[in-house]
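Working through the structure, step by step
The primary structure of each chain is shown beneath.
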Amino acid sequence: IFKPRNIIVTGGCGFIGANFVRYVARNHPDVRITVLDKLTYAGNPQNIAGLPQSQVELVQGDICDVALLERIVPGHDAIVHFAAESHNDNSIANPEPFITTNVEGTFHLLEAARKHDVRFHHISTDEVYGDFALDDPCKFTESTPYKPSSPYSASKAASDQLVRAWVRTYGLRATISNCSNNYGPYQHVEKFIPRQITSIMEGVRPKLYGTGENVRDWIHTEDHSSAVWEILTRGRIGETYLIGADGEMSNIAVMRMILRLMGCAEDAFDWVRDRPGHDRRYAIDSSKLRTELGWKPVHTDFEAGLQATIAWYAANRAWWEPAKAATEARYRAQGQ
Ligand code: NAD
Ligand code: DAU
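Predicted model only: the values in this text are computed from it and were never measured.

Considerations on the environment of threonine 141
The residue threonine 141 is located in the loop between strand 5 (119-125) and helix 5 (151-170) in this model. Here the alpha-carbon distance between threonine 141 and arginine 32, two residues 109 residues apart in the chain, equals 33 Å.

Thoughts on the packing of helix 4 (residues 96-115) against helix 5
Two elements in contact, helix 4 and helix 5, have axes whose closest approach is 8 Å; the angle formed by their N-to-C orientations is 15°. Relative to helix 5, helix 4 is oriented roughly parallel. When you trace helix 4 past helix 5, the crossing you get is right-handed. Residues Phe98, Ile99, Asn102, Val103, Thr106, Phe107, Leu110 and Arg114 of helix 4 form the contact with helix 5, whose participating residues are Pro151, Tyr152, Ser155, Lys156, Ala158, Ser159, Leu162, Val163, Trp166 and Tyr170. A per-class count over the contact of helix 4 with helix 5 returns twelve nonpolar, four polar and two charged.

Looking at the site of ligand 2
Taken together, the neighbourhood of ligand 2 is formed by 19 residues, with Ser86, Thr125, Lys191, Phe192 and Tyr209 sitting nearest. Going through the elements one at a time, helix 6 (192-201) and strand 8 (207-209) are the ones with two or more residues in the shell around ligand 2. The leading source of residues in the shell around ligand 2 is strand 8, at three residues. A class-by-class count of the residues in the shell around ligand 2 yields four nonpolar, eight polar and seven charged.

Re the UniProt feature "domain: NAD(P)-binding" (unreviewed entry) in the protein chain
Those residues carrying the UniProt feature "domain: NAD(P)-binding" (unreviewed entry) are residues 8-307 in this numbering. Helix makes up 38% of residues 8-307 and strand makes up 17%, while its end C-alpha atoms are separated by 32 Å.

Looking at helix 8 (residues 251-261)
All of the buried residues in helix 8 are Val254, Met255 and Ile258. Along the long axis of helix 8, the arc covered by the buried residues comes to 100°, so they all point the same way. Tucked inside the fold, the buried residues of helix 8 contact helix 6, strand 8, strand 12 (248-250) and helix 10 (302-315). Backbone geometry just after helix 8 places glycine 263 at a positive phi near 75°.

Notes on the packing of helix 6 against helix 10
A pair of packed helices is characterised by two quantities: the angle between their axes and the separation of those axes. For the pair helix 6 and helix 10, interaxial distance at closest approach is 10 Å and the crossing angle is 55°. Our classification of the angle between helix 6 and helix 10 gives oblique. Of the two possible hands of crossing, helix 6 and helix 10 adopt the one that is right-handed. Each of Ile193, Pro194, Ile197, Thr198 and Met201 in helix 6 lies in contact with helix 10, whose residues at this interface are Thr309, Ile310, Tyr313 and Ala314. Residues belonging to the contact of helix 6 with helix 10 are distributed by class as follows: seven nonpolar, two polar and no charged.

Here we look at the nonpolar core
With 72 residues, the main nonpolar core has Val9, Val21, Val35 and Val80 as its most contacted residues. If you tally residues by element for this core, the top one is helix 1 (residues 15-27), at six residues. If sequence neighbours within four positions are ignored, valine 35 has contacts with Val9, Gly12, Cys13, Val21, Ile48, Val56, Glu57, Leu58 and Val59.

Thoughts on the sheet that holds strand 11 (residues 240-243)
Spatial ordering of the open sheet is given by 3-2-1-4-5-6-11, a layout of seven strands whose pairing is parallel. At either end of the open sheet lies a strand with only one pairing partner, and these are strand 3 (56-60) and strand 11. Neighbour-to-neighbour, the strand axes of the sheet open up by a mean angle of 20°, direction not taken into account. When strand 1 (residues 6-10) meets strand 2 (residues 32-37), the two strands line up parallel, connected through five bridges. The residue bridging asparagine 6 from the neighbouring strand is arginine 32, located in strand 2. Contacts from helix 4 reach strand 1, strand 4 (78-81) and strand 5 within the one sheet, and its direction differs from that of strand 4 by about 170°.

Some remarks on helix 6
Burial runs high along helix 6: eight of the ten residues are buried. Looking at the buried positions of helix 6, the neighbouring elements they touch are strand 7 (182-183), helix 8, helix 10 and helix 11 (317-333).

A closer look at the environment of leucine 68
Mapped onto the elements, leucine 68 comes out in helix 2 (residues 66-72). Take leucine 68: there are 17 C-beta atoms within 10 Å of it, and that puts it in the partly exposed class.

Points about the site of ligand 1
Ligand 1 sits among 30 residues. The nearest are Gly11, Gly14, Ala42, Gly43 and Ala84. Sorting the residues of the shell around ligand 1 by element identifies helix 1, helix 4 and strand 5 as the ones contributing at least two each.

Here we look at the pairing of strand 2
In terms of burial, strand 2 is a largely internal element, five of the six residues being buried. As a crossover connection, the stretch from strand 1 through helix 1 into strand 2 is right-handed.

Reading guide: rules and limits
Residues numbered from 1 in each chain as written. Chains lettered and ligands numbered in written order. Predicted model: local features only at pLDDT ≥ 70, side-chain atom pairs only at ≥ 80, totals over all residues. Helix = DSSP H or I, 4+ residues; strand = E, 2+ residues; numbered from the N terminus. Axes fitted to C-alpha atoms, helices over the stretch in contact; angles between N-to-C directions. Parallel < 35°, antiparallel > 145°, perpendicular 65-115°, else oblique. Left-handed = near helix turned anticlockwise from the far one by under 90°. Contact = placed C-beta atoms within 7 Å. Nonpolar A, V, L, I, M, F, W, Y, C, P; charged D, E, K, R; others polar. Near = placed C-beta within 6 Å. UniProt positions renumbered as here; feature names shortened; annotations may be inferred. Buried ≥ 20, exposed ≤ 12 C-beta atoms within 10 Å, placed from the backbone. Arc of directions from axis to C-beta. Core = buried A, V, L, I, M, F, W, Y, C linked by C-beta atoms within 7 Å. Pairing = 2+ DSSP bridges. Right-handed = clockwise from strand over helix to strand, strands pointing away.

See the structure below:
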């Protein structure tokens, strides 16, 4: 068992990173956390507000800044790497920052971890495996071949391969996890579930891409956090673990559920232009993580989780309102 004392969490002011920082702060008060975050449009210091200053420190900076890494990495015993450009639609409109942050940034972190002999955990996505046809009953496993579809997923696939090479060639103490679609509090309004919830709250009809038949495998971000903690502390070095909670749902089913839970007619949405290259279905087989490390998800009632997420967005308008107009302007320009 690895007992981290002093960790760096990159991207700790983003959606999943911030939920992980909160999870660690709550469950492991003896662990000190340095959040390294560039605070892009997707990063918000409020996401980690209210945590004890003695435990959590925010360093605003870029994972591509080698001099900064040289200054802050020594003295830490692990890096948990969440920082990324994370949104597929943005990667289609402008792929460049995805290559810089996701590929080059991961390279610089790996070099810093190698130099200072720091344990590394890399957060990745099931999208590196591509997709399945809607009628294909298969699920992704750790041995599914890589076949990314979008600039975003290709950049994440590239970063995973770098981590594997650093393990094999340099003996870096690293693990990788590939997780399915997360939902929960602090998710940016550009993503599917928060976009629809906040549009309805503003009296705007929500938008469904293509036929709406695409399937995503939903997991509550809190379950992602517990899985990452288990892998960081008890995972085998050099291994990849898939994280998922058997939460497959079509987009149109999620859309109707949101509308119903918010007291609207289930057909009160607009059909819009499909995403180019839109992946059809993701599905995770998380048996390895469950049998080897004994992990299991707790938030498996999707409807209850969605209801709580809607309540969170209702209670936190001041958090999301500033980002909403600019996000919708970007979508409008793309016909979405
Ligand atoms: P997010 O976009 O909400 O947050 C990303 C964070 O990274 C932001 O705080 C941003 O400021 C920071 N960041 C971006 N570029 C940076 C840079 N160059 N240097 C330092 N910080 C930088 O993303 P998210 O949805 O929380 O995703 C976090 C991670 O989890 C990503 O690696 C993503 O690929 C992965 N992932 C996401 C999902 C999902 O459903 N959202 C599922 C599986 C894996
Ligand atoms: O599978 C893990 C991935 O999940 C992560 O790696 C990504 O970082 C994360 O953004 C997410 O990617 P998706 O592309 O699946 O998520 P997104 O929220 O953008 O869209 C979910 C589905 O909903 C997708 O099929 C597209 C559709 N969609 C999206 C939006 C924003 C709509 O139908 N309407 C919308 O307005």
